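# Analysis of the macromolecular model
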Amino acid sequence: MSTSHKLFELAKNVIPGGVNSPVRACLSVGVDPLFIDSAQGAHLTTVDGEKLLDFVMSWGPMLLGYSHPEVQAAAAAAAAKGSSFGAPCAQEVEMADAVVRTVPSIEMVRMVSSGTEATMSALRLARGYTGRSKVLKFVGNYHGHSDSFLASAGSGLATLSIPGTPGVPEETVAHTLLAPYNDIDAVRDVFAKHGDEIAAVIVEPCAGNMGLVLPAEGFLQGLRDVTTEYGALLIFDEVITGYRASLGGAQGRFGITPDLTTLGKIIGGGYPVGAYGGKREIMERIAPCGDVYQAGTLSGNPVAMAAGLATVQLLEQADYATLEARTAALVQDVKAIFAEKSIPVQVNTVASLFTVFFAEEPVVDFESAQKADGERYASFYRQMRQSGINLAPSGYECSFTSFAHTEADYDAFLSAVRKVQF
Ligand code: KE4
């Protein structure tokens, strides 16, 4: 019996489902998770010494690749001086400056420890700032696991077909309004009914939690227009797209200015970091300078800030155009291989993100994503893992390339795809 299997059996006795985050359990792809011992570049090494070429990259944080020497050195140097002070430190100021410098709409930013904390806090701020209670989110978008957002969410909730609201009081999600992603007419209908009660619209500007779904032409601008018209705030949840869709995120790529932005994943360089930020006038409502409360013991942690700052500084010099072009070429090759096999696929891609949907029709929202063949995806996942390629263990997630993937890695990916049979 493998060490990974032994660890999973032990884990299931002391951790719910044996994992600290549901999607890692690989339930929808019908295999046990592999326990990882180390990671370097674009490769994982399991506790049994098996090497995997990875296209999950820790669900997005590792855009520079695993164990980047400069990121690791920065974290180690900070850790040598103490892991947490519970008091301000210089790294927090440098990190805030870096975020303000690189994210177009952010004038002021608050650090937290996860994407969930970032979106939860941004919503509370929007409600405090506007004096309104309702929030509009999109079916299939996932903004972390805080109560208000667990209605028709994506990611693990879609994967496990969890209704999304067990343990969440009805009166909480009563304030959560829903619309189909990419349907600006439906959004306008919701505003026509509830416009003066809506504190904010929160959106994944490129949706990564129903598989990758791109914003339709005019959708994001439409959200900007309608929120401005009704005095609601526009929140871009850039936990996935931040520093990935471009250095300036999706807002930098598409030229849309949200009122608030939430960040996570990449800005921690693999350490627990989330952030929310935006216009100074709004952010100054956050305690202690304002009256909207939010706090965190490890917010702005010196080690995480050092890793995040090193990551952002390296990304400011990175060649995004080349990575995007290489990812697009990989996607074209994947489409060609499945076309030769007469296997219908839709492959959505932007920047260094892509998702293979086993579907006949384009995937433009959660309803069309649900039409993709989940069993085929599960078989695809298992066959690719047999070939040494690690993909997201759910068809409702993204695949991620990175600055660490090499030509040999892309060739290995395509060789594995060529062997896929259903
Ligand atoms: P975290 O609390 O997991 O750091 O961030 C929540 C979050 C917020 N917003 C978006 C757009 C997100 O994608 C996420 C988290 N993403 C998932 C994967 N799609 C994290 C993986 C997991 O849940 O284990």
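Quick caveat: nothing in here was measured; it's all calculated off a predicted structure.

### Describing the domain arrangement of the protein
Here the domain parsing of the protein yields domain 1 (3-64 + 319-419) and domain 2 (69-315). Distance from the C-alpha centre of domain 1 to the C-alpha centre of domain 2: 25 Å. Taken residue by residue, the interface counts 33 residues in domain 1 and 32 residues in domain 2. Linking domain 1 with domain 2 are one salt bridge. Across the salt bridge formed by R253 and E324, the nearest N and O atoms sit 2.5 Å from each other. Where domain 1 touches domain 2, the interface holds ten residue pairs in polar contact (both at pLDDT 80 or more). At the level of elements, helix 12 (320-340), strand 11 (346-350), strand 12 (353-357) and helix 13 (366-370) are the ones that each hand at least two residues to the side of domain 1 that touches domain 2. Looking at the side of domain 1 that touches domain 2 residue by residue, the classes come out as 21 nonpolar, nine polar and three charged.

### A word on the pattern of salt bridges
Applying the stated criterion to the full structure yields nine salt bridges. Within this structure, R224, D259 and K279 form a network of salt bridges that share partners.

### Some remarks on the sheet that holds strand 2 (residues 43-46)
Spatially, 1-2-3-13 is the arrangement adopted by the four strands of the open sheet, whose pairing is mixed. Taken across any chain shown, the strands that pair with only one partner, and hence form the sheet edges, are strand 1 (36-40) and strand 13 (389-390). Pairing analysis gives two bridges linking strand 3 (residues 51-54) to strand 13, with the strands arranged parallel. The partner of L53 across the bridge, within strand 13, is I389.

### A few points about the environment of E94
Position of E94 relative to the elements: it lies in helix 3 (residues 90-102). Accessibility expressed as a relative area gives 40% for E94, which makes it partly exposed. In sequence terms E94 and M305 are 211 residues apart; their C-alpha atoms lie 8.4 Å from each other.

What counts, and at which threshold
Counting from 1, residues in each chain are numbered in the order their sequence is written. Residue-level local features of this predicted model are given only where pLDDT is at least 70; pairs of side-chain atoms are given and counted only at 80 or more, and the full residue set underlies all totals for whole chains, interfaces and linings. Computation of side-chain values: all heavy atoms of the structure, hydrogens and water removed. Residue ranges assigned to each domain were obtained from an automatic or database domain assignment. In this description, contact between two residues means that some pair of their heavy atoms is separated by no more than 4.5 Å. Criterion for a salt bridge: a side-chain nitrogen of Lys or Arg within 4 Å of a carboxyl oxygen of Asp or Glu. Any N or O atom pair separated by 3.5 Å or less is treated as a polar contact, with the protein-specific requirement of one donor-capable and one acceptor-capable atom, and with residues adjacent in sequence counted only for side-chain atom pairs. Strands here mean DSSP runs of E at least two residues long; helices mean DSSP runs of H or I at least four residues long; both are numbered from the N terminus. In this count, Pro and Cys sit with the nonpolar residues alongside Ala, Val, Leu, Ile, Met, Phe, Trp and Tyr, while Asp, Glu, Lys and Arg are called charged and the others, Gly among them, polar. Any two strands with at least two DSSP-identified bridges between them are counted as paired. In this scheme, a residue with accessible area under 20% of its type's maximum is buried, one over 50% is exposed, and one in between is partly exposed, where area comes from a 1.4 Å probe on protein chains only.

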